Amino acid sequence: MIKFSIIVPCYKDLFLRECISSILSQTYTNFELILVNDGSPYNLDEIVGEFQDKRIRYYRRKHGLGAKKLVDNWNDCLKYVTGEYVINMGDDDKLLPNCLQAYIDLMAGYPKLDIYHMRTEFIDENSNVIGEQSEYPSYESIYSFVWSILSLQKRPVIGDFLYKVDTLRKNNGYYNLPYAWHSDRISAIIMAKEKGIASTQIIGFQFRNSRYEISSDTAITEDKVQCWTKIKKWYQDFLSLAPMDSESVYYYNLSRKELNRFIENSILEDIDSDLAANKWRVFKWVSRVFKLRLSVRVLWITIYNAIIKFRNKESVIDI
């Protein structure tokens, strides 16, 4: 049986060669690479055709699902998977050669989990390393994992995770939110709910920060802000029942206390990025306070940060 399936929803051509090359360079070779062309206007066929490797499976959609339905894209890619575990990564991201072997070593120490985590470094458009994730605990329970996300100690991305395919399918695939906004983290939480999550301290995944990311598109900022209401509701439902053991109760209580501030800070980050692109948009946000149910804190920090930007300074409010 194939051990790993690596799915890459493809649209952009800029970094696709690098992405494919990095996957095919794995020291552990029992994997399949599933590339799905989401109706791209670019000549992805030519790029994929440069690689003569029997592990590649290439599919095309005549009509793309688009950025807003990115999770539909992920779940559609999932139907082609035949491996035991799956990695879902962007067409501009990369695997380091040791990635799959590091997962094999991690699973030897923590068998039978539904989810594993790979430590990540961040690269720019020229593939220069610009940062790295801090180390995660070798193993943690679900409530510790949730708290670390809500306290912003962890900012994982979809390619960080290795999912057990059978369990992911039983959970109806990746959790669906517009533009996949926070879908990576909620999907991981769902997978870790029963058995927890194990992480390797080895860096094996590279996430590319670039101007071409969905998260860099300020045209969809209002949609993202609206999405935080759905995300908050999901966490409230998840945290509605208290656990029984003392360690879980500790992190459960911390998570409940942190939730509102996490949501507000996330909204402020999105709005501040929008104001950085155009400070005059502050009037748009003020006019939408009631429609978007923005808190008084979010409103006043937004106004303050806009004033600072009008003075040609950076925001100084610590959110």
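What you are looking at is a predicted structure, and each value in this text was computed from that prediction instead of being measured.

Colleague: Any chance you could explain the pattern of salt bridges here in plain terms?
Modeller: Overall, the coordinates contain 26 salt bridges when judged by the stated rule. Of the charged contacts in the structure, one is a salt bridge between Arg60 and Asp45, with a shortest N-O distance of 3.0 Å. One end of the pair, Arg60, is in strand S3 (residues 56–61); the other, Asp45, is in helix H2 (residues 44–49), and 15 residues separate them in sequence. Given a relative accessible area of 57%, Arg60 falls into the exposed group. Look at Asp45 and you get partly exposed, because its relative accessible area is 33%.

Colleague: Would you mind showing me how to read the nonpolar core here?
Modeller: Across soluble globular proteins, you tend to see nonpolar side chains buried next to one another. One finds Val86, Phe145, Tyr163, Tyr174, Ile189, Ile231 and Tyr235 to be the most contacted residues of the largest nonpolar core, which totals 59 residues. The element contributing the most residues to this core is helix H9 (residues 246–277), with nine residues.

Colleague: Explain H9 to me, please; I cannot follow it from the model alone.
Modeller: Every α-helix winds through 3.6 residues per turn, so residues three or four apart in the chain are directed the same way. Given a rise of 1.5 Å per residue, 32 residues ought to cover 46 Å, and the 46 Å separating the end C-alpha atoms of H9 matches this to within 8%. Of all the bends in H9, the greatest measures close to 40 degrees and is centred on Glu258.

Colleague: What should I look at first to understand the side chain of Thr221 in this one?
Modeller: Mapped onto the elements of the fold, Thr221 is located in helix H8 (residues 221–238). Discounting residues that sit within four places of it in the chain, Thr221 has contacts with Asp270, Ile271, Asp274 and Trp285.

Colleague: Teacher, can you tell me more about the packing of H8 against H9 here?
Modeller: The interhelical angle for the contact between H8 and H9, taken along N-to-C directions, is 170 degrees, at an axis separation of 10 Å. Taken together, the axis directions place H8 and H9 in an arrangement best described as roughly antiparallel. Where H8 approaches H9, its residues Thr221, Lys224, Val225, Trp228, Ile231, Lys232, Tyr235 and Gln236 are matched on the opposing element by Leu259, Asn260, Phe262, Ile263, Ser266, Ile267, Asp270, Ile271 and Asp274.

Colleague: Got a minute to help me understand the environment of Ser273 in this structure?
Modeller: Summarising the element assignment, Ser273 is placed in helix H9. Sequence separation between Ser273 and Thr221 is 52 residues, and the spatial gap between their C-alpha atoms is 8.5 Å.

Colleague: Would you mind showing me how to read the pairing of strand S7 (residues 129–132) here?
Modeller: As a general feature of sheets, a regular strand has side chains that alternate between the two faces. Here strand S6 (residues 115–123) pairs with S7 via three bridges, running antiparallel. For Glu121, the partnering residue across the bridge sits in S7 and is Glu132. Here S6 folds back onto S7, and the loop between the two strands holds five residues, one of which, Ser127, carries a positive phi near 70 degrees.

Colleague: How should I be thinking about the side chain of Ser22 in this particular structure?
Modeller: With respect to the helices and strands, the residue Ser22 is situated in helix H1 (residues 16–24). Since its relative accessible area comes to 8%, Ser22 is described here as buried. Setting aside residues no more than four positions away along its own chain, Ser22 makes contact with Asp93, Lys94 and Leu95.

Colleague: What's the story with a nonpolar patch on the surface in this structure? I'm lost.
Modeller: A contiguous nonpolar surface patch, about 370 Å² in accessible area, is contributed by Trp280, Phe283 and Phe310. Residue Trp280 is classed as exposed on the basis of its relative accessible area, which comes to 55%.

Colleague: Looking at this model, I keep getting lost on the packing of aromatic side chains. Mind explaining?
Modeller: The geometry of two aromatic rings is summed up by the distance between their centres and the angle between their planes. Here the structure, examined in full by the defined rule, presents 22 aromatic pairs. Consider the rings of Tyr85 and Tyr116, whose centres lie 6.2 Å apart with planes at 70 degrees: the pair is edge-to-face. A residue pair is termed long-range when its members are at least 10 positions apart, and Tyr85 in strand S4 (residues 85–88) and Tyr116 in strand S6 qualify at 31 residues. We note that Tyr85, like Tyr116, is buried. Within the aromatic cluster, the residues linked to one another by ring pairs are Tyr143, Tyr175, Trp228, Trp234, Tyr235, Phe238, Tyr252 and Phe262.

Colleague: Could you clarify how one ought to interpret the environment of Arg208 in this entry?
Modeller: Tracing the sequence through the fold places Arg208 in strand S10 (residues 197–208). For Arg208, a relative accessible area of 0% puts it in the buried group. Separated by 114 residues in the primary sequence, Arg208 and Lys94 have C-alpha atoms spaced 7.9 Å apart. Within the structure, the side chain of Arg208 is placed 3.5 Å from the side chain of Glu18, a separation counted as a polar contact. A polar atom in the side chain of Arg208 sits 2.9 Å from the backbone oxygen of Asp124.

Basis of the calculations
- Residues numbered from 1 in each chain as written.
- Predicted model: local features only at pLDDT ≥ 70, side-chain atom pairs only at ≥ 80, totals over all residues.
- Heavy atoms only, no water.
- Salt bridge = Lys/Arg side-chain N within 4 Å of Asp/Glu carboxyl O.
- Helix = DSSP H or I, 4+ residues; strand = E, 2+ residues; numbered from the N terminus.
- Buried < 20%, exposed > 50% of the residue type's maximum accessible area, 1.4 Å probe, protein only.
- Core = buried A, V, L, I, M, F, W, Y, C linked by side-chain atoms within 4.5 Å.
- Expected span 1.5 Å × (residues − 1).
- Bend = angle between axes of the 7 residues up to and from the residue.
- Contact = heavy atoms within 4.5 Å.
- Axes fitted to C-alpha atoms, helices over the stretch in contact; angles between N-to-C directions.
- Parallel < 35°, antiparallel > 145°, perpendicular 65-115°, else oblique.
- Pairing = 2+ DSSP bridges.
- Patch = residues over 30% accessible without salt bridge, like charges linked within 9 Å, V, L, I, M, F, W, Y side chains within 5 Å.
- Areas by Shrake-Rupley, 256 points an atom, 1.4 Å probe, with all protein chains shown as cover.
- Phe/Tyr/Trp six-rings, centres within 6.5 Å; stacked < 30°, edge-to-face > 60°.
- Polar contact = N/O pair within 3.5 Å; in protein donor to acceptor, adjacent residues only side chain to side chain.

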